[in-house]
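# A structural walkthrough
Residue-level listing of the chains:
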Amino acid sequence: MDNNSLSVEEILESKRLLKRKKRMLLAFTMPLLIFVFITFISPIATMLYRSVYHPTVSQLIPLSLAELSTWDEAGDQLPNSQALKQFAIELQGLSKERLSGKLAEEVNRLKPGSSSLIKSSARKLKKKSLEELQQSGDTLLLGYSKKWQDINLWRAVKRSGQAFTDSYYLTTFDLKRNPAGEIEQRDTQIYLKLYWKSLKIALIITCLTALLAYPLAYYLANAPSKIANRLMVLVLLPFWTSLLVRTTSWIAILQTNGVVNSTLQALGLIDEPFEMLYTQFATIIAMTHILLPFMILPLYSVMKNIDPSYFRAALSLGARPVPAFIKIYLPMTIPGVSAGALLVFIISIGYYITPAIVGGTEGQMISNIIAFHMQSSNNWELAAALGSLLLALIIALYWVYDRFVGVNNIKLG
Amino acid sequence: MKRLLPVLALASVCSIANADQLTAVSFGGAYGAAQQKHMLDPFMKETGHKILFENYSGGIAEIKAQVESGNILWDVIDVEVIDLERACSEGLLEVIDHDSLPPGDDGVPAAEDFSEAALANECGVGNIVWTVLYAYNNDTIKGGQPSSIADFFDTKTYPGKRALRKRPQVNLEWALIADGVPKEQVYEVLETDEGQARAFAKLATIADDIVWFDSWSQAPQLLNDGGAVMVQSANGRIFDAIQSEGKPFEMVWDAHLYDLDVWAIVKGTKKKDLAMEFIRFATSSKPLSGMPEVAYGPTRNSSYAYVDKAVIPKLPSSHLDKGVKASGEFWADYGESLGEKFNEWLLK
């Protein structure tokens, strides 16, 4: 054994130390891992689950659904009287527990207009005795309103009782199931268009930020540090300003009597003010402004580390400036461009506040509809499905990006 | 022990604060200020309890989230009747004992003193009658003075932008009325596919001239800064802008959609009794009589004794003949499906 190699004990000791070091590092990252799990992974998992699992109705009227399971919903017959009686009994129970509104909301989602029917029938059933319902619950129910004789209503009741459902995902693709269970187009076509539009807006913003940020970052990286630092403050200052302030200041700039219009009018360049606020244009320009630092900073950090002598060498070897730039300088900045583009694109596709404030209806993005279903229509399941699809879309884009550009090429700083 | 003392002191302070503290939620703006002045402040002064006052923009999503997660942050809440129906039947609100409401200051029992609609729902006690109307700006309007809902849709005679709140409610009703549907039949027609198509078609005739907004606070602002020559608005916001800021706005009462706001209690709150005590106080004759300050009508007859006679013609209750009662039932049925169609229509 020569003196340079380690003894067995020493190897074991060093392995033990390495292990301990690894465990220490893991312990240090543990808080973050737990934090990420609690605040990120588990909510997303719940959201994914919520978009397919929806047991509300199956918990509200389990016995009626059991009766309905034998009913042929594709036919033209109403469910049998036993099922109707059972439904009347359970509806009465719900009414007493003040839960009929929940059932009404769920069924109404599949058959608009049935909410008040279910609630008013539930109120009337409340006063009946159980024996009465067991004997003639079906005739009572059908007597309350003609609408109970609508087979589509019962189809809606049965379908809303499925605990696991693909209907929310179908909706996100503007599809639905017809009474026979086949998938067909919905009457309202809205979500695919919105996804497409959001993608388009995000792409435009990414291109714009890249076009604006590239020359600026180049200048910053090559200017004397005194000037560069001052200019950097100009980049960072808006970045540190509240998002809401920056967005609302765009209202002041773009509105009918805003800065731009009144200046142009005062100069006599236009007679009628331009319509800029509450349009897609407003969304794009405001978001480009807000996301610009996310493009400038990675670009700057990459450009800062590029040795200017490469470019000079190319020039001195006889390349003309443009080819030299394209062949030598540009490829070296790709990690920065791609990092910035990915950041800006992913942030902008799910952007919510700016389109909501300055975008009007034309500048709406998919996130605004998700918020609508969370806040106004209370259709959290659909919001979850829409959100899941957005997540899937971003992951897919990331994958495509990785295939063609390579994630290893990203350089954030 | 030395270390423990401050902790104990802090804990006891917290528990005292918790015991007497109520969180009330309403819509803010001039209305919120009036509620603070006439309902919350006198209540706090009289009982020594503290009330935190928060704003929200309507809808039942937040209440639903609180009740379903069991984490109740709000105790008392000011709800529009359009949302009340749904929130109550979904079990998001406590049932209120209407018999425990105090009689009016003139001795009339609560059941007779309140307007019928005010106590129609078991989960709420009517607070104000308010309405959605449209207003125009005398300085910017061209082509004369609009007076009917049809004028709102007449962009030839009255050129310029119109601002509407971005949701199907009210807009579809107005479109149908402007298209010639009698006020009484609006909801009947709007239930049918043809009626809905007709309403959207009418809205489409002015689509290029509509500015959409989200919150009522934007309405007077749009009218003021020239963003629109006519705006849809809750009547109190316009009234307040005229009254306290002297704006040259004019209200048009034709086909206004009136509705009630009620006080309700969020289901599962630990302070139900205190919340009820507050509602009893807030909906008694005197506090309610402060609401006309922002042109919202009190729901109690006995309150009118305290109201400045000059304000009465400005209240929605003085124009009920020209108005339509907003249907909570209809919107519980069709709110979601029409909301979707509305969004689709906007995207076209």
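Residues numbered from 1 in each chain as written. Chains lettered and ligands numbered in written order. Predicted model: local features only at pLDDT ≥ 70, side-chain atom pairs only at ≥ 80, totals over all residues. Heavy atoms only, no water.

## Quick word on the overall build of chain B
- When its secondary structure is counted, chain B shows 14 helices and 10 strands.
- Taking 348 residues into account, the globule formula puts the C-alpha radius of gyration at 20 Å, and chain B, at 22 Å, falls close to it.
- Summarising its shape, the C-alpha atoms of chain B cover approximately 80 × 45 × 40 Å along the three principal directions.
- Residues classed as buried in chain B amount to 57% of the 348 residues present.
- A fraction of 74% describes how many contacts in chain B between residues 6 or more apart in sequence connect residues 24 or more apart.
- Of the roughly 14000 Å² of accessible surface on chain B, a fraction of 52% belongs to carbon and sulfur atoms.
- Taken as two groups, the 32 positive and 51 negative side-chain charges of chain B have centres that lie 6 Å from each other. (Helix = DSSP H or I, 4+ residues; strand = E, 2+ residues; numbered from the N terminus. Rg over C-alpha atoms; globule rule 2.2 N^0.38 Å. Buried < 20%, exposed > 50% of the residue type's maximum accessible area, 1.4 Å probe, protein only. Contact = heavy atoms within 4.5 Å. Areas by Shrake-Rupley, 256 points an atom, 1.4 Å probe, with all protein chains shown as cover. Lys, Arg positive; Asp, Glu negative; His and termini not counted. Charge placed at Lys NZ, Arg CZ, Asp CG, Glu CD.)

## Notes on the interface of chain A and chain B
- Each side of the interface is counted separately: chain A has 45 residues, and chain B has 37 residues.
- In total, about 3300 Å² of surface goes out of reach between chain A and chain B, with carbon and sulfur atoms giving 46% of it.
- The tally of links between chain A and chain B comes to 4 salt bridges.
- The shortest N-O distance in the salt bridge between Glu85(B) and Lys119(A) comes to 3.3 Å.
- For the interface between chain A and chain B, the tally reads 12 residue pairs in polar contact (both at pLDDT 80 or more).
- For the side of chain A that touches chain B, the secondary structure elements donating two or more residues are helix 5 (100-110), helix 6 (114-125), helix 10 (191-222), helix 18 (366-375) and helix 19 (380-404) of chain A.
- Per element, the largest residue contribution to the side of chain A that touches chain B is 6 residues, and it comes from helix 5 of chain A.
- Per-class residue counts for the side of chain A that touches chain B are 12 nonpolar, 22 polar and 11 charged. (Buried area = accessible area lost by both parts, 1.4 Å probe. Salt bridge = Lys/Arg side-chain N within 4 Å of Asp/Glu carboxyl O. Polar contact = N/O pair within 3.5 Å; in protein donor to acceptor, adjacent residues only side chain to side chain. Nonpolar A, V, L, I, M, F, W, Y, C, P; charged D, E, K, R; others polar.)

## Remarks on a positive patch on the surface
- There is a patch of like positive charges on the surface, built from Lys96(A), Arg123(A), Lys124(A), Lys126(A) and Lys127(A).
- With respect to the helices and strands, the residue Lys126(A) is situated in the loop between helix 6 and helix 7 (130-144). (Patch = residues over 30% accessible without salt bridge, like charges linked within 9 Å, V, L, I, M, F, W, Y side chains within 5 Å.)

## Remarks on the packing of aromatic side chains
- Counted by the stated rule, this structure contains 30 aromatic pairs over all chains.
- When the centroid spacing of 5.0 Å and the interplanar angle of 75° are considered together, the rings of Phe87(A) and Trp154(A) count as edge-to-face. Here the residue Phe87(A) occupies a position in helix 4 (residues 81-96), and Trp154(A) occupies one in helix 8 (residues 151-160), the gap between them amounting to 67 residues. Across the pair, Trp154(A) and Phe87(A) agree in class, each one buried.
- Grouping aromatic residues by their ring pairs yields a cluster made of Tyr214(A), Tyr218(A), Phe311(A), Phe325(A) and Tyr329(A).
- One cation-aromatic arrangement involves Lys64(B) over Trp380(A); the distance from NZ or CZ to the ring centre is 4.9 Å. (Phe/Tyr/Trp six-rings, centres within 6.5 Å; stacked < 30°, edge-to-face > 60°. Lys NZ or Arg CZ within 6 Å of the ring centre and 35° of its normal.)

## Observations regarding the nonpolar core
- One finds Ile77(B), Trp174(B), Leu203(B), Phe278(B) and Ile279(B) to be the most contacted residues of the largest nonpolar core, which totals 115 residues.
- The biggest single contributor to this core is strand 8 (residues 249-265) of chain B, with 12 residues.
- Sequence-distant contacts of Ile279(B), that is, excluding residues within four places in its chain, are made with Val76(B), Ile96(B), Val125(B), Trp263(B), Ala264(B) and Ile265(B).
- Ile201(A), Ile205(A), Leu236(A) and Tyr329(A) belong to the second-largest nonpolar core, a separate cluster that totals 31 residues. (Core = buried A, V, L, I, M, F, W, Y, C linked by side-chain atoms within 4.5 Å.)

## With respect to the pattern of salt bridges
Residues and elements named next belong to chain A.
- This structure, assessed with the given rule, holds 19 salt bridges over all chains.
- Of the charged contacts, one joins Glu-73 and Arg-159 as a salt bridge, the two residues approaching to 3.9 Å between their closest N and O atoms. Taken together, the positions of Glu-73 in the loop between helix 3 (62-68) and helix 4 and Arg-159 in helix 8 put the pair 86 residues apart, joining distant regions of the chain.
- Of the charged contacts in the structure, one is a salt bridge between Arg-177 and Asp-166, with a shortest N-O distance of 2.7 Å. One end of the pair, Arg-177, is in strand 1 (residues 175-177); the other, Asp-166, is in the loop between helix 8 and helix 9 (167-172), with 11 residues separating them in the sequence.
- Look at Arg-177 and you get partly exposed, because its relative accessible area is 31%.

## Quick notes on unusual backbone geometry
- Non-glycine residue Tyr278(A) carries a positive phi angle of around 60°.
- Considering the arrangement of structural elements, one finds Tyr278(A) in the loop between helix 13 (259-266) and helix 14 (280-304).
- Although it is not a glycine, Ala295(B) sits at a positive phi angle of roughly 65°.
- Overall, the relative accessible area of 0% leaves Ala295(B) in the buried class.

## Describing the side chain of Ser327(B)
- Topologically, Ser327(B) is positioned in the loop between strand 10 (324-325) and helix 14 (328-347).
- Looking at Ser327(B), its side chain comes within polar contact range of the main-chain nitrogen of Phe330(B), at 2.9 Å.

## Quick look at the side chain of Ser198(A)
Residues and elements named next belong to chain A.
- In this structure, Ser-198 sits in helix 10.
- Assessed through its relative accessible area of 1%, Ser-198 is described here as buried.
- In terms of polar contacts, Ser-198 uses its side chain to reach the backbone amide nitrogen of Ile-366, at 2.9 Å.
- Excluding its chain neighbours within four sequence positions, the residues that come into contact with Ser-198 are Ile-349, Met-365 and Ile-366.

## Considering helix 1 (residues 8-52) of chain A
- Its 45 residues give helix 1 of chain A an end-to-end C-alpha distance of only 57 Å, which falls more than 12% under 66 Å, the value for a rise of 1.5 Å per residue.
- Of all the bends in helix 1 of chain A, the greatest, near 40°, is centred on Thr29(A), and the proline Pro31(A) appears no more than four residues after it. (Expected span 1.5 Å × (residues − 1). Bend = angle between axes of the 7 residues up to and from the residue.)

## Comments concerning the environment of Thr209(A)
- Along the chain, Thr209(A) falls in helix 10.
- Taking C-alpha positions, Thr209(A) is 41 Å from Thr165(A), a pair spaced 44 residues apart along the chain.

## Observations regarding the packing of helix 10 of chain A against helix 11 (residues 225-240) of chain A
All names here are of chain A.
- Put simply, helix 10 and helix 11 touch, their axes get as near as 8 Å, and they point 145° apart. From helix 10, Leu-216, Tyr-219 and Leu-220 reach across to helix 11, where they touch Ile-227, Ala-228, Leu-231, Met-232 and Val-235.
- The residue makeup of the contact of helix 10 with helix 11, split by class, is 8 nonpolar, no polar and no charged. (Axes fitted to C-alpha atoms, helices over the stretch in contact; angles between N-to-C directions.)

## So, the pairing of strand 3 (residues 76-80) of chain B
Residue and element names in this part refer to chain B.
- Counting buried positions over the 5 residues of strand 3 gives 5, a clear majority of the element.
- The two faces of strand 3 match: Val-76, Asp-78 and Glu-80 on one face and Ile-77 and Val-79 on the other face are all buried.
- Note that strand 1 (residues 21-26) and strand 3 share 2 bridges and pair parallel. Paired with Ala-24 across the bridge in strand 3 is Val-76.
- Across 5 bridges, strand 3 lies against strand 8 in antiparallel orientation. (Pairing = 2+ DSSP bridges.)

## What to know about a nonpolar patch on the surface
- A grouping of Leu26(A), Met30(A), Leu32(A), Leu33(A), Ile34(A), Phe35(A), Val36(A), Phe37(A), Ile38(A), Phe40(A) and Ile41(A) is seen on the molecular surface, where their side chains present a nonpolar patch of about 1100 Å² in accessible area.
- Looking at where Val36(A) falls in the secondary structure, it is placed in helix 1.

## Concerning the confidence of the model for chain B
All names here are of chain B.
- Per-chain confidence: chain B averages 89 in pLDDT, with 95% of residues scoring 70 or above.
- Low pLDDT (under 50) marks residues 11-18, which in the prediction has 1 contact with non-local residues, meaning those over four places away or in another chain.
- On the interface metric, ipTM, the complex scores 0.75, and its pTM is 0.79. (pLDDT = per-residue confidence, 0-100.)

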